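If you want the building blocks of each chain, they are given just below.
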Amino acid sequence: MKILGVGLQKTGTTTLGASLNLMGYRHQSYAVRAAEMYTHGSIEELLIWTDRFDSFDDVPWALLYQEFDQRHPGSKFVLTRRRSTEAWFTSLRKHIARLGRKSATLEMNQAIYGRPDPQNDKPGAIAVYEQHLRSVREYFADRPEDFIELCWEDGHGWQELAGFLGRPAPAQSFPHANKAPGFWQMLRQRWRLRKRSAPLGAPPPRDWGQ
């Protein structure tokens, strides 16, 4: 069974990835190489990449939920969202400001929002975000056993996520609530170790966990 986070960026995807990592899944988050492959149309190569990991979150993976579902029957899908569209857009705007004008970021923004600078088009960006939520909900409307919608701001945590996956909750505090620098440093170190131990021939998962 594989797990795909189908929420767009800035919906708590880092929390989801950290949670899955703590639960023992071999996890892949955003990677520059994956973003480049998506924007250049190399979808089949990306799907081959998904054979090598247990769980995924963030873009471009969240945009491939239909293809992922066909390739990996029996998978679980987690839609993360923010409490409000206003909160999501504010977070997106800050995120883009931190990243700057990196080519991979601009290309990914173009692919998702139809423009490289969605922070300058609030109505357009929110329309894309809300349409993504609707599309995912409609796709999984009759499959409650395969799909869950979570909002960390509403208090969702181990009980909902672990229960949905049929796994025991880890002893550690839920990562959204535990923001100590040492905790995140530990997670980044785990991601680096798993990055170095990626299977021979796997696409290089650059920027793992960032």
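This text follows the structure it describes.
Counting of residues starts from 1 at the beginning of each chain's written sequence and follows it residue by residue. Totals for whole chains, interfaces and linings use every residue, but because this is a predicted model, local features are given only for residues with pLDDT of at least 70 and side-chain atom pairs only at 80 or more, for both listing and counting. Where side-chain values are given, they derive from all heavy atoms of the structure, hydrogens and water being excluded.

## A look at the packing of helix α1 (residues 13-22) against helix α8 (residues 158-165)
- Across the interface, α1 lies against α8 with an axial gap of 12 Å and an inter-helix angle of 60 degrees. Between α1 and α8, the crossing angle belongs to the class labelled oblique. By crossing handedness, the relation of α1 to α8 is classed as right-handed. Where α1 approaches α8, its residues Leu16, Ser19, Leu20 and Leu22 are matched on the opposing element by Trp158, Leu161 and Leu165.
- Each residue receives one of three labels: charged for Asp, Glu, Lys and Arg, nonpolar for Ala, Val, Leu, Ile, Met, Phe, Trp, Tyr, Cys and Pro, and polar for the others, Gly being one of them. Tallied by class, the residues present in the contact of α1 with α8 amount to 6 nonpolar, 1 polar and no charged. Here the axes come from fitting lines to C-alpha atoms, over the contacting stretch only for helices, and the angles between their N-to-C directions go from 0 to 180 degrees. In this text, helices come from DSSP runs of H or I with a minimum length of four residues, and strands from runs of E with a minimum of two, each type numbered from the N-terminal end. Note on terminology: angles under 35 degrees are roughly parallel, angles over 145 are roughly antiparallel, angles of 65 to 115 are roughly perpendicular, and the others are oblique. By convention the crossing between two helices is left-handed if the near helix lies anticlockwise of the far one by an angle smaller than a right angle, and right-handed if it lies clockwise. Contacts were defined at the residue level, with two residues in contact if any of their heavy atoms lie within 4.5 Å.

## Brief notes about the nonpolar core
- Of all hydrophobic cores here, the largest spans 35 residues; its most connected members are Leu4, Trp49, Phe77 and Trp88.
- For this core, the elements supplying multiple residues, two or more each, are α2 (32-39), α3 (43-49), α4 (65-71), β4 (76-80), α5 (85-99), α6 (103-113) and α7 (122-139).
- Considering each element in turn, this core owes the most residues, 5 residues, to α7.
- Counting residues in hydrophobic clusters, the runner-up holds 16 residues, among them Leu20, Leu22, Val78 and Phe174. We define a nonpolar core as any set of buried Ala, Val, Leu, Ile, Met, Phe, Trp, Tyr and Cys residues linked to one another through side-chain atoms lying within 4.5 Å. For every residue, the accessible area obtained with a 1.4 Å probe (protein chains only) is divided by the maximum for its type, and the residue is called buried under 20%, exposed over 50%, and partly exposed between those limits.

## Topic: the sheet that holds strand β5 (residues 147-150)
- Reading across from one edge, β2-β3-β1-β4-β5 is the order of the 5 strands in this open sheet, with parallel pairing throughout. Looking at the sheet topology across the chains shown, the edges are occupied by β2 (27-28) and β5.
- For two strands to count as paired, DSSP must find a minimum of two bridges between them. Where strand β1 (residues 3-5) and β4 come together, 3 bridges link them in parallel fashion. When the bridges of β4 are listed, leucine 4 appears paired with phenylalanine 77.

## Focus on the packing of aromatic side chains
- Two aromatic rings, drawn from Phe, Tyr or Trp (for Trp, its six-membered ring), form a pair once their centres lie within 6.5 Å of each other, and the interplanar angle then sorts them: stacked below 30 degrees, edge-to-face above 60, tilted otherwise. This model, assessed by the stated rule, comprises 14 aromatic pairs.
- Pairing tryptophan 88 with tyrosine 113 gives two aromatic rings, centres 6.3 Å apart and planes at 40 degrees, and the pair type is tilted. Here tryptophan 88, found in helix α5, pairs with tyrosine 113, found in helix α6; they are 25 residues apart in sequence, far enough to count as distant. Of the two residues, tryptophan 88 and tyrosine 113, both sit in the buried class.
- Where tyrosine 139 meets phenylalanine 140, the ring centres are 4.8 Å apart and the plane angle is 80 degrees; that geometry is what we call edge-to-face.

## Considerations on the pattern of salt bridges
- Salt bridge, as used here, is a side-chain nitrogen of Lys or Arg placed within 4 Å of a carboxyl oxygen of Asp or Glu. Scanning the model with the defined rule gives 12 salt bridges in all.
- Across the pair glutamate 153 and arginine 82 runs a salt bridge whose closest N-O atoms are separated by 2.9 Å. Of the two residues, glutamate 153 sits in the loop between β5 and α8 while arginine 82 sits in the loop between β4 and α5, which places them 71 residues apart along the sequence.
- Glutamate 153 sits in the partly exposed class, given a relative accessible area of 30%.
- Between arginine 115 and aspartate 117 there is a salt bridge, with the nearest N and O atoms lying 2.7 Å from each other.
- For arginine 115, a relative accessible area of 26% puts it in the partly exposed group.
- Through salt bridges with shared partners, one network takes in Arg81, Arg83, Arg137, Glu149 and Asp154.

## Focus on unusual backbone geometry
- For the bond running from valine 59 to proline 60, omega is 5 degrees, close enough to zero to count as cis.
- Along the polypeptide, proline 60 turns up in the loop between β3 (55-56) and α4.
- Despite not being glycine, lysine 10 shows a phi value in the positive range, around 70 degrees.
- Inspection of the secondary structure assignment puts lysine 10 in the loop between β1 and α1.
- Positive phi, normally seen in glycine, also occurs at aspartate 58, with a value near 75 degrees.
- Following the sequence through the fold, aspartate 58 ends up in the loop between β3 and α4.

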